[in-house]
Amino acid sequence: LLIIKECTKELQSIHCSGIVKRGAIICFTLIMFQNILFSNQTYVYQKVLYDRATSITGRILNNIDSCPEYEAGVTEVVLIGTLQKNDELAKLTENRSLSGGNVLSITYNQTFGSFVTILGSKFNWNNDAELMKEYRQKEEIINMPSYPKDGYWKMIDDKMVIKLSK
């Protein structure tokens, strides 16, 4: 409103008809309203994605904590795939995403590891490229379902393997 008042003062100093001044004020007000609306929608959308990613991360951490062989911060964790490439999550959001949403935006634009840190959990993440390549080729892991299906996590070779996608 302060901006509109300032623009009104500016327009009053310009010598033109009252209709032109009112028209300019109305146009400026509509543009400002549209920008505010767009900004709020973008913020809400990012907040929904952030909350969803935090929720998913919390559920995964809760599930692996239930494994007696897993010790947070000690047991090595191997992540297979990413949530962005998860077909099951894409099916859940097919017809329910907000405007502008797509398969790639079903989670917040951060890594799973950063959400583990945000949630304050100890996580011994092994991201060695050779180890991950080896694990992706294991028949046992190929046959594992991906999150959120039961069996998406498993202790293999004293490592917690979490399959986020194929």
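Residues numbered from 1 in each chain as written. Predicted model: local features only at pLDDT ≥ 70, side-chain atom pairs only at ≥ 80, totals over all residues. Heavy atoms only, no water.

Enquirer: Just to check I follow, could you spell out the overall build of the chain for this structure?
Expert: When its secondary structure is counted, the chain shows 6 helices and 4 strands. Beginning at the N terminus, the succession of helices and strands in the chain can be written as α-α-β-α-α-β-α-α-β-β. Relative to its full complement of 166 residues, the chain shows a buried share of 29%. Pairs at least 24 apart in sequence give 67% of the contacts found in the chain among residues at least 6 apart. (Helix = DSSP H or I, 4+ residues; strand = E, 2+ residues; numbered from the N terminus. Buried < 20%, exposed > 50% of the residue type's maximum accessible area, 1.4 Å probe, protein only. Contact = heavy atoms within 4.5 Å.)

Enquirer: Can you walk me through the packing of aromatic side chains in this structure?
Expert: Aromatic ring pairs: the centre-centre distance and the angle between the two ring planes describe each pair. Under the definition given, this model contains 1 aromatic pair. An angle of 90 degrees between the planes, with centres 5.1 Å apart, marks the rings of Y147 and Y152 as edge-to-face. We note that Y147, like Y152, is buried. Over the aromatic face of Y135 sits the side chain of K138, whose NZ or CZ is 4.6 Å from the ring centroid. (Phe/Tyr/Trp six-rings, centres within 6.5 Å; stacked < 30°, edge-to-face > 60°. Lys NZ or Arg CZ within 6 Å of the ring centre and 35° of its normal.)

Enquirer: Whenever I open this one, the side chain of S165 confuses me. Can you help?
Expert: With respect to the helices and strands, the residue S165 is situated in the segment after β4 (159–163). Judged by relative accessible area, which is 1%, S165 ranks as buried. Residue contacts for S165: discarding those within four places in its chain leaves I80, G81, T82, K85, N86 and S146.

Enquirer: Got a minute to help me understand the nonpolar core in this structure?
Expert: Side chains of a nonpolar character, in soluble globular proteins, are inclined to be buried together. The biggest cluster of nonpolar side chains holds 16 residues, and the ones touching the most others in it are I60, I64, Y70, V77, F123, M160 and I162. Every element with two or more residues in this core is listed here: α2 (18–65), β1 (76–80) and β4. Examining the composition of this core, we find that 4 residues originate from one element, α2, more than from any other. (Core = buried A, V, L, I, M, F, W, Y, C linked by side-chain atoms within 4.5 Å.)

Enquirer: Where do I start with the environment of P68 in this structure?
Expert: Inspection of the secondary structure assignment puts P68 in the loop between α2 and β1. When its relative accessible area of 74% is taken as the criterion, P68 is described as exposed. Sequence separation of P68 and M155 is 87 residues, and the distance between their C-alpha atoms is 9.9 Å.

Enquirer: Teacher, can you tell me more about the environment of P148 here?
Expert: Tracing the backbone through its elements, the reader meets P148 in the loop between α6 (139–142) and β3 (153–156). Given a relative accessible area of 36%, P148 falls into the partly exposed group. In this structure the C-alpha to C-alpha distance between P148 and S165, which are 17 residues apart in sequence, comes to 9.6 Å.

Enquirer: Before we go on, may I ask you to explain the pairing of β3 in this structure?
Expert: Successive residues of a regular strand alternate their side chains across the two faces of the sheet. Two strands pair when backbone bridges link them, and β3 and β4 are joined in this way by 4 bridges, in the antiparallel orientation. Bridge pairing in β4 places M155 opposite M160. Linking β3 to β4, which pair antiparallel, is a turn of 2 residues; within it D157 sits at a positive phi near 55 degrees. (Pairing = 2+ DSSP bridges.)

Enquirer: Explain the pattern of salt bridges here, please?
Expert: By the definition in use, this model includes 3 salt bridges. In this structure, the salt-bridge partner of E76 is K159, at a minimum N-O distance of 4.0 Å. Of this pair, E76 sits in strand β1 while K159 is found in strand β4, placing the two residues 83 residues apart along the sequence. Judged by relative accessible area, E76 falls into the partly exposed class, the value being 27%. (Salt bridge = Lys/Arg side-chain N within 4 Å of Asp/Glu carboxyl O.)

So yeah, pure geometry; function would need other evidence.
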